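Observations on the three-dimensional arrangement
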Amino acid sequence: MMRLQADADGAQWVAVTESLGLRGRRHRKKALRMLMAQGSLAAGTEQRTGSGFAAWLVSQATPLLMRRAAGRVLAWMWRADPALVVVLAQVQEATPQLRTARAMMPMEYDDTEDFRNPHLGTGERLLMDLPSNPKAPPFATYTWDIGTHLVTLTAVFGDRERVKTAVPAVDALARTLRAVDDLPIGESPDILRIDPA
């Protein structure tokens, strides 16, 4: 089964995947409140910071859901200010439906630039620090097509004014992302692994 691994700098990031229970609770609540506020704004409702109880409830369930994803989904929060940026990485099977959905995205999503990852090869980065829709949150998304799967990393920012301060750290995190596949020895002796370069 394909799964993801990354070497997030512990001085800058708090991993949601490993922050079960009380560990990382304060960071999870702040990050989730930011995401809930951005979601309510994008939905056209009055912007709220998210209720304390709802944020707490979701913050308790999130690490359990991450563990059930068994490495197919990873998430981090900015340690210094969890309300500034939340990062989510995932690996998905590259089905025809997924490729069709990506091809039908709005034209503004075509404004990508090459982004090199030493483990996944050259992918693309889309930075939307000032989305055309003022209600949409700023974000950055990184995508790598590794043949049978698509690997994506998305960072959602809570403050348009401070996006550029966190982008270099998100870039560094994206460069450590790698896909790992379980291949028992002897099952496929004819498979040759080639460096993505």
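One can find the structure itself at the top, above this paragraph.
Quick caveat, the model's predicted, so the values are computed rather than measured.

Considerations on the environment of Val-167
Mapped onto the elements, Val-167 comes out in helix H4 (residues 163-176). Residue Val-167 is classed as buried on the basis of its relative accessible area of 7%. Taking the C-alpha atoms as reference points, Val-167 and Ala-155, twelve residues apart in sequence, are found 8.8 Å from one another. In contact with Val-167, not counting residues within four places along its chain, are Arg-125, Leu-127, Tyr-142 and Phe-157.

Some remarks on the sheet that holds strand S4 (residues 85-93)
Pairing within the open sheet is antiparallel, and its seven strands lie in the order S2-S3-S4-S8-S7-S6-S5. Only two strands of the sheet have a single neighbouring strand rather than two, namely strand S2 (13-15) and strand S5 (113-117). Recorded for the sheet is a direction-independent mean angle of 25° between the axes of neighbouring strands. Contacts between helix H3 (residues 96-103) and the sheet are confined to S4, strand S6 (121-128), strand S7 (139-145) and strand S8 (149-157), with S8 contributing the most and set at about 45° to the helix.

Quick word on the pattern of salt bridges
For the coordinates displayed, the defined rule picks out eight salt bridges. Taking the shortest distance from any N to any O, the salt bridge between Arg-178 and Asp-7 comes out at 3.1 Å. One end of the pair, Arg-178, is in strand S9 (residues 178-180); the other, Asp-7, is in the loop between strand S1 (3-5) and S2, and 171 residues separate them in sequence. In this structure, Arg-162 engages Asp-159 in a salt bridge whose closest nitrogen and oxygen atoms are separated by 3.0 Å. For Asp-159, a relative accessible area of 24% translates into the label partly exposed.

Each value, and the rule that gives it
- Residues numbered from 1 in each chain as written.
- Predicted model: local features only at pLDDT ≥ 70, side-chain atom pairs only at ≥ 80, totals over all residues.
- Heavy atoms only, no water.
- Helix = DSSP H or I, 4+ residues; strand = E, 2+ residues; numbered from the N terminus.
- Buried < 20%, exposed > 50% of the residue type's maximum accessible area, 1.4 Å probe, protein only.
- Contact = heavy atoms within 4.5 Å.
- Pairing = 2+ DSSP bridges.
- Axes fitted to C-alpha atoms, helices over the stretch in contact; angles between N-to-C directions.
- Salt bridge = Lys/Arg side-chain N within 4 Å of Asp/Glu carboxyl O.

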